[in-house]
Structures are given as structure tokens and as C-alpha cells.
Amino acid sequence: MTGLTAWLTGLPSAGKTSIAEHAAAELAGRYRVQVLDGDRLRKTLCADLGFSRADRIANVARIGHVAQLLARNGVVVLVAVIAPYRHSRDEVRAHHNGNDTPFLEVYVDTPVELCAKRDLKGLYAKQRAGMISGLTGVDDPYEAPRRPDAVLSTARRTVDESARELVALVETRMAPGGGVA
Ligand SMILES: Nc1ncnc2c1ncn2[C@@H]1O[C@H](COP(=O)(O)OP(=O)(O)OP(=O)(O)O)[C@@H](O)[C@H]1O
Ligand SMILES: [Mg+2]
């Protein structure tokens, strides 16, 4: 059976990791599931990469490659990585399409003001204080998806509710005739 990649894209502190982990716990009884989390991969697979435009592109391409390999072999892959550039995400989709592997772009849609309030890692505060620059969505670009496969509007949902939406989407796509190649 083929798996799929569901890529959760969105601003820092939008809720990608929280939603992916909740959904993974829910899906784990039924499927082989792997979360690919940006923070963890930046310490391992992508430890050599920084935050320049070129490195952000390489980060997404590399993670997209790993996701596709896993998904092709039956794993439900939940990617929690900002992936700020539309073109990068489109390339990952094209790579999946070219290898008959389903790909879902899931937009974790959280207004930047709310992300800055959540500010799990204190990045928005540091940017405001002038301690860092190049924060995605503030002083570095974030290109929101134009035609995502799903939108999780976290301002109006709990983490659990968003995770349940993601689980339902994955289950639909994994079901026989659900659009999975
Ligand atoms: N409705 C909600 N949906 C998602 N997260 C929420 C919600 N309400 C509060 N939060 C909190 O917001 C924070 C989101 O942080 P999280 O690490 O999941 O974001 P992220 O998108 O992975 O960010 P980053 O890109 O920096 O890794 C968590 O502490 C989470 O509990
Ligand atoms: Mg995260």
C-alpha cells in the first residue's frame, strides 16, 4: 500500500508541530506514521543548513525527498516544516507526483498576530527586540498556499479539533478509492 505525505506549512508558532503530533498519535493505531519535524531535522539531516534563501530551499527539498521515500513505502508522513516559498512546496509536490506518491499541502492558517502571541520559542519577541532578523512572516517572506488541499484555521479551533480534521483528511485519502495512487 502507498502512504502519503501531508505537509503542514505555516508561520512559526502557527501550530504545525502540535497538530502533527496529536494527529500522529491518533493515526498510529491504524497506519505506520512518521512525523518529520523541522526543528529536529535542522539538528540532524539538515544540520549544515542555515536560514538563507538557498538554505531554506535546500531544507525543504531534502525533507521532501525523505518524505516521498517513506510515503512511497506505505508510511503516512506528517511534515511539520514552515516551507516558506510556494515554489519549493510546488517542487515537492511535483516530485511526489512524478513518483506516483500522494501529496497534500495543508495550510496551518494562523494570523501572524496570534502566532506572535503564542510565540512558543520567543522568536517574535527576539525579533521585536532587534536580537534576531529574518523571521519568517515578519521580516522574511512567507508565501501562503494559493490552493492548499486543506486549511486548518487554528484561531477558531483547538489543537485537538485541527488534529481531528487532519486525521479525517488522511483517512479519506488512504481509504480504497480515496484518491491514493
Ligand atoms: N488552536 C491552536 N492550534 C494550534 N496550536 C495552538 C492552539 N492554541 C494554542 N496553541 C499553542 O501554540 C503553540 C504552537 O506551537 P507549535 O510548536 O505547534 O508551532 P509550529 O507551527 O510547529 O512552530 P515552528 O515553525 O516554530 O516550529 C503550541 O504551544 C500550542 O499549544
Ligand atoms: Mg514546529
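Model, not experiment: these values are computed from the prediction.

Peer 1: What exactly am I supposed to notice about helix H1 (residues 16-27) here?
Peer 2: Two residues of an α-helix separated by three or four positions point the same way, owing to the 3.6 residues in each turn. The terminal C-alpha atoms of H1 lie 16 Å apart, and with 12 residues this matches the ideal 16 Å at 1.5 Å per residue to within 8%. All of the buried residues in H1 are Lys16, Ile19, Ala20, Ala23, Ala24 and Leu27. Buried residues along H1 cover an arc of 130° about the axis, so they all sit on one side. Buried residues along H1 sit against strand E1 (4-9), strand E2 (33-37), strand E3 (76-80), strand E4 (103-109), strand E5 (150-153) and helix H7 (159-174).

Peer 1: Could you clarify how one ought to interpret the pattern of salt bridges in this entry?
Peer 2: Opposite charge on two side chains permits them to pair, given that their charged atoms come into close proximity. On inspection of all chains with the given rule, the structure shows 10 salt bridges. Taking the shortest distance from any N to any O, the salt bridge between arginine 30 and glutamate 26 comes out at 3.3 Å. Arginine 56 is the salt-bridge partner of aspartate 140, the closest N and O atoms lying 3.4 Å from each other. Here the residue aspartate 140 occupies a position in the loop between helix H6 (123-128) and E5, and arginine 56 occupies one in helix H3 (residues 53-72), the gap between them amounting to 84 residues. A residue is classified by how much of its surface remains accessible, and aspartate 140, at 22% relative accessible area, is partly exposed. Residues joined by salt bridges that share partners form a network here, namely Arg89, Arg93, Glu105 and Asp149.

Peer 1: Would you mind going over the packing of H1 against H7 with me for this structure?
Peer 2: Axis separation between H1 and H7 bottoms out at 8 Å; the angle between their running directions is 55°. By the criterion of interaxial angle, the relationship of H1 to H7 is oblique. Relative to H7, the crossing made by H1 is right-handed. Contact residues: Ser18, Ile19, His22, Ala23, Glu26 and Leu27 in H1; Val159, Asp160, Ser162, Ala163, Leu166, Val167, Val170 and Glu171 in H7. Looking at side-chain class alone, the contact of H1 with H7 contains eight nonpolar, three polar and three charged residues.

Criteria and thresholds
- Residues numbered from 1 in each chain as written.
- Chains lettered and ligands numbered in written order.
- Predicted model: local features only at pLDDT ≥ 70, side-chain atom pairs only at ≥ 80, totals over all residues.
- Heavy atoms only, no water.
- Helix = DSSP H or I, 4+ residues; strand = E, 2+ residues; numbered from the N terminus.
- Expected span 1.5 Å × (residues − 1).
- Buried < 20%, exposed > 50% of the residue type's maximum accessible area, 1.4 Å probe, protein only.
- Arc of directions from axis to C-beta.
- Contact = heavy atoms within 4.5 Å.
- Salt bridge = Lys/Arg side-chain N within 4 Å of Asp/Glu carboxyl O.
- Axes fitted to C-alpha atoms, helices over the stretch in contact; angles between N-to-C directions.
- Parallel < 35°, antiparallel > 145°, perpendicular 65-115°, else oblique.
- Left-handed = near helix turned anticlockwise from the far one by under 90°.
- Nonpolar A, V, L, I, M, F, W, Y, C, P; charged D, E, K, R; others polar.

None of the figures reported here should be taken as evidence of function without further support.
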